[in-house]
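# Secondary and tertiary structure notes
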Amino acid sequence: MDWKEQNYDKMATRKNIASPSRKSMPASSSDVQLHICGVPFSLNREVLTAKSAKLAAVLKENPEDDVSHLLGDIPTDSETFELVARFCHGFNISLSPENVIKVLCLANYLGMSEDHSTNNLIKKACFYFQNNVLPSWNKCIKALKSAETILQQAADLALVDACAESIITKVVHDPSLLGEPIRNVTTTDDDSENDESTYKPNVRRRLFVLDWKSEDLTVLSIALYEPIIRALVHQNVPLEYVSSSLFQYLINWVFPGTKGEDETSVYERNSQREIIEAVERLLPQERGLIPCSLLSQMLQSAITLDANTECKSGLETRIGKQLDQATVKDLLIPAQGYAKEEQYDTECVKRIMKYFYSNYENTDKSGLIVVAQLIDDFLAEVASDRDLKLKTFLTLADLSLAASEGTHRNSDGIYKAIDIYLDKHRYLTDREREEVCRMLDCNNLSPEACEHAAHNEKLPVRVMVQILFSVQLKLKDTVAKRIQRGSGNLLLKLEEDEEDATRTSSSEEEVKAEMEKMGSKVQELEKECHMMRRAIQIGSYQHKIQKEKTSMWKEMKRKFGCMTSLHETNCHVKKKKVHPR
């Protein structure tokens, strides 16, 4: 049994309205005056009663009265009512996907069934809907779109379900109607990141024979779109196609367009918040279906629109699942609110990282290495924020160190972040700068980083000395290894070719030259370290002498009865007792 057979009788008998015979109707030549949505209509009583059971009943009960106040609440718009009025007056009307559902709803309300009059409007509109709208993808979407203003009436008559079922059947047969899967391209190339089409789905569709242009399912309101997507997931439509449609829906309805935030009305913001919460609920949980860049964009929109906690938490969880596919740009989530103290929402990033590490079960450490590098780069990026608090930086640095543990990576990344932070926060005290550098493992720096740090005036002296000592030890180890390797090579050459004495002598001279060169470097570094140590000792000694001098001066003032106030240093005038006269 098709939709027409199931629902025609339902609409024809939906209203329990008495349908008097046309012979019993009182003859009247007066017109009926109505106002529909502010538009006046003057209609003939006889033609109205001939086609509408509801109007016939109202006019029978009020044959001479003005009935405009009784029919002023007809649930329709002026354009649809005009079509129905023209049909009642015997004119041919043009049905279309954009008006057929509205016409059916109004015809049902007015009781324009076959029980009241043959070849009535319900039968005509049902035939068009059944044979011209439902077989077509485009026309189904257009019809649904037009029904959004009378959604409850259309749903009650099963018109919404009929269109939705037609759409679902077509998608199950051809998922590409939802759009091609998103191209999940992971790259650090700036040109690729700036390419607007890198992560966008392909919007091309396969067209039916009668359709010259394919309609997009994402033009529907969320009230219609959400149940259709849920049904498609239930029908096991490939999730990559569903994800493509969901993201395209966000582009159409939520993501920033031509309007600025100040131009967006409260109603629009509420609508966008409802949409992004619904889309988050619809998003598949599978890892990698949607790139981190798109998830990050969704999260930023959810934060800006003040979406509920479940929505924001769900997006953070999805990013955390595939954090090894993210870039630093994906984690630069702006802080919100008028009283924001920092540029980026570092708390959000910490929650994302926590989820990644607490759920990482892969035996392959490559993902951990990638995320460790990502965190180093993120720390270096946020370190340039002049409002970044010391406590926040230290917390992120601790996370960076924890992420690098077990990956055998050097400390160049954390050193870079420290250098940037100290440069952007020159107001830090010596103690605070030493606290920042506490995160630095001087023994784990590359030679290039050591060379830079040895001349970095932003670092505390103690840290520079530690770095120089570390360099000295590394040079000694390098010299020892080269000597051992050189000796081994020398013995090997002697065993292979004892007669080539000249060649052997040349090798010995090369080893000695290399040893002398390395020895001179060690001596230079030892001399530099000795000078720095001497400077530190002199500074400590002078501080001690100054402290002793100050103590002696205080003692002498006490003995000579000088003023002991911190603000009075004149000891030439002794205190005198003041007696009353």
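Before any of the text, the structure's been laid out above.
Here the residue numbering is sequential within each chain, running from 1 through the sequence in written order. Per-residue local features of the predicted model are confined to residues with pLDDT of at least 70, and side-chain atom pairs are confined, for both listing and counting, to 80 or more; whole-chain, interface and lining totals are unaffected and use all residues. The basis for the side-chain values is all heavy atoms of the structure; hydrogens and waters are excluded.

The side chains of a regular strand alternate, residue by residue, between the two faces of the sheet. Summarising the sheet, strand β1 (residues 31–36) and strand β2 (residues 39–44) pair through six bridges and their orientation is antiparallel. By the bridge assignment, Gln 33 is partnered in β2 with Ser 42. Here the rule is simple: two strands pair whenever DSSP picks up at least two bridges between them. Numbering goes from the N terminus for both helices and strands, where a helix is a DSSP run of H or I of at least four residues and a strand is a run of E of at least two. Counted along the chain from β1 to the antiparallel partner β2, the turn is two residues long, and its residue Cys 37 has a positive phi close to 55°.

All right, on to the packing of aromatic side chains then. Two aromatic rings, drawn from Phe, Tyr or Trp (for Trp, its six-membered ring), form a pair once their centres lie within 6.5 Å of each other, and the interplanar angle then sorts them: stacked below 30 degrees, edge-to-face above 60, tilted otherwise. All told, the structure shown has seven aromatic pairs when counted by the stated rule. Centroid distance Tyr 225 to Tyr 249: 4.1 Å. Interplanar angle 15°. Geometry classified as stacked. In this pair, Tyr 225 is assigned in helix α11 (residues 222–234) and Tyr 249 in helix α12 (residues 239–253), connecting sequence segments 24 residues apart. This pair shows no difference in class: Tyr 225 is buried, exactly as Tyr 249 is. Look at Phe 356 and Tyr 360: their rings are 5.2 Å apart centre to centre, the planes differ by 50°, and that puts the pair in the tilted class. Here's how the labels work: a residue is buried when its accessible area is under 20% of the maximum for its type, exposed when over 50%, partly exposed in between, all with a 1.4 Å probe on protein chains only. Relative accessible area serves as the criterion here: at 22%, Tyr 360 is assigned to the partly exposed category. Counting every residue linked through ring pairs, the aromatic cluster contains Tyr 225, Tyr 249 and Trp 253. Here the basic side chain of Arg 86 rests over the ring of Phe 91, its NZ or CZ set 4.8 Å away from the ring centre. Throughout this description, the term charge over a ring refers to an Arg CZ or Lys NZ atom that lies within 6 Å of the ring centre and within 35 degrees of the ring normal.

All right, on to the nonpolar core then. In this description, a nonpolar core means a group of buried Ala, Val, Leu, Ile, Met, Phe, Trp, Tyr and Cys residues linked to one another through side-chain atoms lying within 4.5 Å. Judged by nonpolar contacts, the single largest core of 142 residues is most densely connected at Ile 101, Phe 129, Leu 217 and Phe 393. When residues of this core are assigned to their parent elements, the largest contribution, nine residues, is made by helix α5 (residues 100–110).

Here Pro 97 shows up in the loop between α4 (78–88) and α5. For Pro 97, a relative accessible area of 9% translates into the label buried. Along the backbone, Pro 97 and Ala 143 are 46 residues apart, and their C-alpha atoms lie at a distance of 4.7 Å. In this description, contact between two residues means that some pair of their heavy atoms is separated by no more than 4.5 Å. Apart from residues lying up to four places away in sequence, Pro 97 is in contact with Tyr 128, Val 133, Lys 139, Lys 142, Ala 143 and Ser 146.

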